[in-house]
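Here are the chains, one letter per residue:
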Amino acid sequence: MPTTAAALCRCSGLAILTLLLSRQTVAPRPLAARRRAAQPPHLGRAERLAAIAKGAPDVAAYLPLRFEAKFSSPCWRNGSALRCLPRLFLAGAMQCGVPDLWERLRAHALLGALRYDAQAHWWTNHPRSRAGYFERYVSLYSGERTAAALEAEPRSVLADASPASLTFMMAEELRLHYLYLDAFDNCYRRCRNQKLPEAVAAKCADRAYGMEHCYPEAEAAAVPLDFNVPSFVATVLEGARPVVVALLREPAARLWISFWFYGQFPAKYGATNAGFGYYFGNQSAAFASCAAAHGTRRCALRFEAHGPEQAAVYYHCDQLIKGMYSEFLPEWQWAFGQRLFVFRA
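Residues numbered from 1 in each chain as written. Predicted model: local features only at pLDDT ≥ 70, side-chain atom pairs only at ≥ 80, totals over all residues. Heavy atoms only, no water.

(A) A look at the overall build of the protein chain. The number of helices and strands found in the protein chain is 19 helices and six strands. Surface exposure of the protein chain reaches about 15,500 Å², of which carbon and sulfur atoms provide 56%. (Helix = DSSP H or I, 4+ residues; strand = E, 2+ residues; numbered from the N terminus. Areas by Shrake-Rupley, 256 points an atom, 1.4 Å probe, with all protein chains shown as cover.)

If you want it as structure tokens, here you go:
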């Protein structure tokens, strides 16, 4: 199995591109057919479209998209203007060499001739962040130069190389979870700001009570637990035969790298080997406590949504969770089947 991004590029880049360009490849089973055998449970097409309408109405306004068959990438016309989206997703994981792999794959003429921001992290960022709404994402792949290059070489492949997409924990899925955050904030503001009966006001004055009070309301406002980045992408790009590449580093090595990469962890726990041990002990104990109460999958996907105890954990066990590949890869496999490639970095 390849052990570096360079080796992956040499060994697999051509194979990936060959699959992308193939018109003969047998597609994986439709989502509905895979649902029966998939664990954990997944949503049907109507339920997924309803989740998009609720959590991403800017995307729902575009659906369904009708792609032109002559292009290898998912492209359609808005009048005379060519509009496009990526077909190749280098989905992650973080600290696993995805940017390096992307730079090497761009050496291929069918990827490198196009100029756009492939690392926008659009599928994971908050819609009110600089990532913007769906029209902005489409515009990244639909500039005049890009459209002209696609018209000249329809086999060209557009890509998204945003490595936060793979492990779609709560903090990396704000594109969908902003509803939860907004509802929680609105609830807490009501508790703090309205003129309330004395008995209720006394309770609301306690921040812990206010937070406890708001969790159920925020949870009710959220999209379903089983609607995440893989099914979101697959539903939007239905019929486009997208390909996903997951590049994974050994979880303990990835955690060690992330501890030193993000300065807040050495600053809090100590910039020493002992500090890393303290960090790991703190985070793993917090996650084990959550999993015992709520289950491993629910804690991996929405750790900080389970209550004040989890919300108070430093950075919500984010780096520990990002190495729990087995909690996220089944959903990618369900959504993309044989078009998911998993490699070791």
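(B) Quick look at the pattern of salt bridges. The final tally for this structure, using the stated rule, is 13 salt bridges. Residues Asp-100 and Arg-104 are paired through a salt bridge, measuring 2.9 Å at the closest nitrogen-oxygen approach. One end of the pair is Asp-100 and the other is Arg-104, both in helix α5 (residues 98-105) and four residues apart, which spans about a single turn. Judged by relative accessible area, Asp-100 falls into the partly exposed class, the value being 33%. On the basis of relative accessible area, Arg-104 is assigned to the partly exposed category, the value being 37%. Residues participating in the shared-partner salt-bridge network are Glu-68, Lys-70, Arg-77 and Glu-151. (Salt bridge = Lys/Arg side-chain N within 4 Å of Asp/Glu carboxyl O. Buried < 20%, exposed > 50% of the residue type's maximum accessible area, 1.4 Å probe, protein only.)

(C) Representation of the environment of Cys-75 in the model. Tracing the backbone shows Cys-75 in strand β1 (residues 75-78). Using a relative accessible area of 0% as the deciding quantity, one classes Cys-75 as buried. Among all residues touching Cys-75, those that are not within four sequence positions of it are Arg-66, Phe-67, Glu-68, Leu-82, Arg-83, Cys-84 and Leu-150. (Contact = heavy atoms within 4.5 Å.)

(D) Region of interest: the packing of helix α12 (residues 229-236) against helix α19 (residues 329-336). Viewed as axis vectors pointing N to C, α12 and α19 meet at an angle of 15°, and their least axial separation amounts to 8 Å. Between α12 and α19, the angle falls in the class roughly parallel. Taken as a pair, α12 and α19 cross one another with a handedness that is right-handed. Residues Val-229, Pro-230, Ser-231, Val-233 and Ala-234 of α12 touch α19, and the partners they reach there are Glu-331, Trp-332, Trp-334, Ala-335 and Phe-336. The class makeup of the residues in the contact of α12 with α19 is eight nonpolar, one polar and one charged. (Axes fitted to C-alpha atoms, helices over the stretch in contact; angles between N-to-C directions. Parallel < 35°, antiparallel > 145°, perpendicular 65-115°, else oblique. Left-handed = near helix turned anticlockwise from the far one by under 90°. Nonpolar A, V, L, I, M, F, W, Y, C, P; charged D, E, K, R; others polar.)

(E) Molecular detail of the pairing of strand β3 (residues 88-92). Most of β3 sits inside the fold, with five of its five residues counted as buried. For β3 and strand β4 (residues 159-160), the ladder comprises two bridges, and the chain directions are parallel. What sits directly across from Leu-88, in β4, is Ala-159. Relative to strand β5 (residues 243-248), β3 runs parallel, the two sharing four bridges. Looking across to β5, one finds that Leu-88 is bridged to Val-243. (Pairing = 2+ DSSP bridges.)

(F) Layout of the pairing of β5. For β5, the tally of buried residues reaches six of six residues, placing the bulk of the element in the interior. What you see with β5 is no split at all: Val-243, Val-245 and Leu-247 on one side and Val-244, Ala-246 and Leu-248 on the other are buried throughout. Sheet topology note: the β5/strand β6 (residues 340-344) ladder contains five bridges and is parallel. Note on β6: the bridge partner recorded for Leu-247 is Phe-343.

(G) Focus on the packing of aromatic side chains. For the structure shown, the criterion picks out 33 aromatic pairs. Relative to Phe-265, the ring of Tyr-262 has its centre 6.4 Å away and its plane inclined at 90°; by these criteria the two rings are edge-to-face. Members of the aromatic cluster, connected to one another through ring pairs, are Trp-256, Phe-259, Trp-260, Phe-261, Tyr-262, Phe-265, Tyr-269, Phe-276, Tyr-278, Tyr-279, Tyr-314 and Tyr-315. Sitting over the ring of Tyr-269, Lys-268 keeps its end group 5.8 Å from the ring centre. Sitting over the face of the ring of Tyr-314, Lys-268 holds its NZ or CZ atom 4.9 Å from the ring centroid. (Phe/Tyr/Trp six-rings, centres within 6.5 Å; stacked < 30°, edge-to-face > 60°. Lys NZ or Arg CZ within 6 Å of the ring centre and 35° of its normal.)

(H) Structural detail: the sheet that holds β5. The four strands lie next to each other as β4-β3-β5-β6, forming an open sheet whose pairing is parallel. Only two strands of the sheet have a single neighbouring strand rather than two, namely β4 and β6. Where α5 meets the sheet, its contacts fall on β3, β4 and β5, and the angle it forms with β3 comes to roughly 155°.

(I) Local environment of the nonpolar core. If you look at the biggest cluster of nonpolar residues, it comprises 96 residues, and the most contacted ones within it are Val-236 and Phe-287. Residue contacts for Phe-287: discarding those within four places in its chain leaves Thr-296, Cys-299, Ala-300, Phe-303, Cys-317, Leu-320, Ile-321 and Met-324. One finds Tyr-180, Cys-214, Ala-218 and Ala-222 within the second-largest nonpolar core, a separate group that totals eleven residues. (Core = buried A, V, L, I, M, F, W, Y, C linked by side-chain atoms within 4.5 Å.)

(J) Representation of unusual backbone geometry. Put simply, Leu-63 and Pro-64 share a cis peptide bond, and its omega is -5°. Residue position: Pro-64 is located in the loop between α4 (57-60) and β1. Geometrically, the link from Gly-92 to Ala-93 is a cis peptide bond, its omega value of 15° lying close to zero. Mapped onto the fold, Ala-93 is located in the loop between β3 and α5. Phi angles above zero are rare outside glycine, and His-121 is one such case at about 55°.

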